[in-house]
Amino acid sequence: MAHRWKNDLTWDDVTPEAAYLNRRQIMAGAMGLGLASVLPKAAKAETPEPNSWEDITSYNNFYEFGTGKSDPAKYAGSLITEGWEVVIDGMVDKPGTYKMDDIMAAMTIEERIYRFRCVEAWSMVIPWNGFELKDLLEMAGVQAEGKYVAFETANRPDQMPGLAYPVLDWPYVEGLRMDEAMHPLTMMATGIYGRDIPNQNGAPMRLVVPWKYGFKSIKSIVRITVTDQEPPTSWNKANGREYGFYSNVNPQVDHPRWSQASERVIGSGLFAKRQPTLMFNGYEEEVAGLYEGMDLSKFY
Ligand SMILES: Nc1nc2c(c(=O)[nH]1)N[C@H]1C(S)=C(S)[C@@H](COP(=O)(O)O)O[C@H]1N2
Ligand SMILES: [Mo]
């Protein structure tokens, strides 16, 4: 299939699946650098704490199932994804409740191999399956006044034990500007490593925006709202100094507490080698134009 972006990644570049699951060994490494001790609670996109070899293999970050490192893998099984529905509303021609099965039948599902750059300065190469967000938005018919897209995660206390704790302002929310949402690189992932996406990774549908830090990829989406206002985002609300609306990967703009100039490559051995971080995570040619004339140290 012809891609509308420069696709230089193949399965040869993909992070081995075992390394993907073991990626918190990198966070254990960051612990050694004394990074975690200074992180305030509920104000960080990861929860670095000393990891045992067993529990890092089951780590996934999904605070609705708890902030403990093994909570999502332990508890996400209780999320009922059968009969999933997504509300699409706001400034669209066809607002309503869409059945996930109908969405899947209407969309073109394809595999895309993308770089994934975490705000904690490590990276992976992930094979996603899914469809372009643009196709879903066009199905609902975006109106001319629509300038932003807001996303919301399921809010089901009976199925998501982490919601009992006010570590974030629930439900988890995210947002994109309309041109970011409509960009051909932006996808809704429904699969990973060639199979259905596991609950702890955001089943049945999670956002993937490869030129932004990983925490923008909101999981288990139940609502998509087209609006004319910049939507609130969970991490920005929790700590606006550290997490902005844009969250573009940018080696020149450091996180307030650490450098973003380089990243550790997951799957390149226990002492994961460092490589320079690429502007817009390597997608500069495709997306730099979206931010022309913007001061990216101000709009971080
Ligand atoms: N609803 C929801 N989405 C979420 C999160 C979350 O806690 N809740 N965590 C974010 C963060 S901080 C990261 S790093 C990624 C992790 O995705 P992964 O588990 O597939 O690597 O999901 C993001 N999406
Ligand atoms: Mo994160």
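Residues numbered from 1 in each chain as written. Chains lettered and ligands numbered in written order. Predicted model: local features only at pLDDT ≥ 70, side-chain atom pairs only at ≥ 80, totals over all residues. Heavy atoms only, no water.

### As for the site of ligand 1
Part 1: Around ligand 1, a shell composed of 19 residues is seen, among which Arg23, Tyr63, Glu64, Asn201 and Lys219 lie nearest.
Part 2: At 2.8 Å, a side-chain N or O of Asn201 approaches an oxygen atom of ligand 1.
Part 3: At 2.9 Å from a nitrogen atom of ligand 1 is found a main-chain nitrogen or oxygen belonging to Ser217.
Part 4: In terms of residue class, the shell around ligand 1 is made up of eight nonpolar, six polar and five charged. (Near = heavy atom within 4 Å. Polar contact = N/O pair within 3.5 Å; in protein donor to acceptor, adjacent residues only side chain to side chain. Nonpolar A, V, L, I, M, F, W, Y, C, P; charged D, E, K, R; others polar.)

### A word on the pattern of salt bridges
Part 1: Here the structure, examined in full by the defined rule, presents 14 salt bridges.
Part 2: Note that Arg112 and Glu132 form a salt bridge whose closest N and O atoms lie 2.6 Å from each other. With Arg112 in strand 3 (residues 110-117) and Glu132 in strand 4 (residues 122-132), the pair connects residues that are 20 residues apart, well separated along the chain.
Part 3: Given the relative accessible area of 3%, Arg112 is considered buried.
Part 4: Residue Arg177 pairs with Asp179 through a salt bridge whose shortest N-O separation is 2.8 Å.
Part 5: A cluster of three or more residues bridged by salt bridges with shared partners is formed by Glu110, Arg112 and Glu132. (Salt bridge = Lys/Arg side-chain N within 4 Å of Asp/Glu carboxyl O. Helix = DSSP H or I, 4+ residues; strand = E, 2+ residues; numbered from the N terminus. Buried < 20%, exposed > 50% of the residue type's maximum accessible area, 1.4 Å probe, protein only.)

### Overview of the environment of Arg156
Part 1: Structurally, the position occupied by Arg156 is in the loop between strand 5 (148-153) and strand 6 (173-177).
Part 2: The exposure class of Arg156 is partly exposed, given its relative accessible area of 22%.
Part 3: Placed 15 residues apart in sequence, Arg156 and Pro171 show a C-alpha to C-alpha distance of 9.1 Å.
Part 4: Among the polar contacts made by the side chain of Arg156, one reaches the main-chain carbonyl oxygen of Ile80 at a distance of 2.9 Å.

### A short note on the sheet that holds strand 2 (residues 96-99)
Backbone-to-backbone hydrogen bonds pair the strands of a sheet. The strands run either parallel or antiparallel.
Part 1: Pairing within the open sheet is mixed, and its five strands lie in the order 2-1-10-5-6. The open sheet terminates on both sides in strands that have one partner only, identified here as strand 2 and strand 6. Adjacent strand axes in the sheet meet at a mean angle of 20° when their direction is disregarded.
Part 2: Sheet analysis places strand 5 next to strand 10 (residues 221-227), joined by six bridges and oriented antiparallel. Across the sheet, residue Val149 finds its bridge partner in strand 10, namely Val226.
Part 3: Against the sheet, helix 6 (residues 133-140) engages strand 1 (85-90), strand 2, strand 5, strand 6 and strand 10, with an angle of about 70° to strand 10. (Pairing = 2+ DSSP bridges. Axes fitted to C-alpha atoms, helices over the stretch in contact; angles between N-to-C directions. Contact = heavy atoms within 4.5 Å.)

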